[in-house]
Amino acid sequence: MRIAAEEADPAANKRLFRALRSVEVFFPMETGQHASGGKKATPLLRLPDGTRAMMLYTSKSHPDLPGRFGGGSFRDALAAALKMPVLDWVIVSNRASQWVAVGKSQIPAVLDDLRSGEHAASSSFSSSESRPADQSLEALITRAVHSEPEQLSPAIPSLLQGRELYLELNAEKVGDAGQPVMKTISVEHMANVIRAYLTRSRPGIAYGGITWEALKEMVNNEAQIQGVQLINDSDDWVIFDRESLGCSDSNE
């Protein structure tokens, strides 16, 4: 987001939108009264020039996101925005309030590019002679080690949607239910990080399977967890802090 906001370049925007394709974004939500009952709607922001924008935030903890909000994939949010008759812009903002705007007339082209990009990605791995589908995630994590975090980190969660990961457990400690507890480590500036692997390929490690979505929810509910270290089979890794996992303010 920072790169696209600073460069203000269509190519940078395209890379950003493709990275956000299936990433969950958040938007204000209000309930109005209808003859048939309550109806939820997304309020639009009136800009100084009189135009109206739908605001999308990449973090639940964005300071401008109200207490009542909704969430959905970036692609679905764009499709919904296209149906709003009085909308002029969609503005995507990260927690640092760096933002990129999309004019309503540009939304169909963006959606077409997202669909074509998704088709190309799935076609690359459709043949039985192709690499396994998760190898793209393996390679992306390796590339992230040598890249700026903003360039690749947003793309990794989109590939993690619905995927099972493997938490490292501390086999020497058990919880109240008699099961091993999660192992925590210190990484970089964070002192309480849990570690997850793409596969169970390492001997001598106790694993606990968990989906990416359940992992994010668990971290959101456990205020003491500061982040997740995700490791591929090449021992390359990326760190997701609480903000990038979409954790709420109350747990930060």
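Shown above is the structure to which this text applies.
Bear in mind the structure is a predicted one, so any value in this text is a computation, not a measurement. (Residues numbered from 1 in each chain as written. Predicted model: local features only at pLDDT ≥ 70, side-chain atom pairs only at ≥ 80, totals over all residues. Heavy atoms only, no water.)

(A) Inspection of the pattern of salt bridges at higher detail. Scanning the model with the defined rule gives 6 salt bridges in all. For Arg 115, the salt bridge goes to Asp 112, with nearest N and O atoms at 2.6 Å. In this pair, Arg 115 and Asp 112 both sit in helix H4 (residues 107-123), 3 residues apart, roughly one turn of the helix. Looking at Arg 115, the relative accessible area reads 45%, which means it is partly exposed. Residue Asp 233 is joined to Arg 202 by a salt bridge in which the shortest nitrogen-to-oxygen separation is 3.8 Å. Taken as a pair, Asp 233 in the loop between strand E14 (227-231) and strand E15 (237-241) and Arg 202 in the loop between strand E12 (190-197) and strand E13 (206-211) lie far apart in primary sequence, 31 residues in all. According to the relative accessible area criterion, Asp 233 is partly exposed, its value standing at 40%. Overlapping salt bridges bring together Glu 168, Lys 183 and Arg 195 as one network. (Salt bridge = Lys/Arg side-chain N within 4 Å of Asp/Glu carboxyl O. Helix = DSSP H or I, 4+ residues; strand = E, 2+ residues; numbered from the N terminus. Buried < 20%, exposed > 50% of the residue type's maximum accessible area, 1.4 Å probe, protein only.)

(B) Representation of the pairing of strand E5 (residues 52-57). Of all 6 residues in E5, 5 are buried; the element is thus mostly enclosed. In this sheet, E5 lies alongside strand E4 (residues 45-46) in antiparallel orientation, the contact comprising 2 bridges. Considered in E5, the bridge of Leu 45 is made with Ala 53. With 5 bridges joining them, E5 and strand E7 (residues 89-93) adopt parallel strand pairing. For Met 55, the partnering residue across the bridge sits in E7 and is Ile 91. (Pairing = 2+ DSSP bridges.)

(C) Focus on the packing of aromatic side chains. Enumeration over the complete set of coordinates arrives at 5 aromatic pairs. Seen in terms of ring centroids, Phe 26 and Phe 69 are 5.9 Å apart; in terms of plane orientation they differ by 85 degrees. Their pairing is edge-to-face. Separated by 43 residues along the polypeptide, Phe 26 in strand E1 (residues 24-28) and Phe 69 in strand E6 (residues 69-73) bring together distant segments of the chain. Its relative accessible area of 33% is what places Phe 69 among the partly exposed residues. Summarising the aromatic geometry, the rings of Tyr 166 and Tyr 207 are spaced 6.3 Å apart at their centres and angled 80 degrees between planes, so their arrangement reads as edge-to-face. Residue Tyr 166 is found in strand E9 (residues 164-174), and its partner Tyr 207 is found in strand E13; the two are separated by 41 residues along the sequence. (Phe/Tyr/Trp six-rings, centres within 6.5 Å; stacked < 30°, edge-to-face > 60°.)

None of this, on its own, says anything about what the molecule does.
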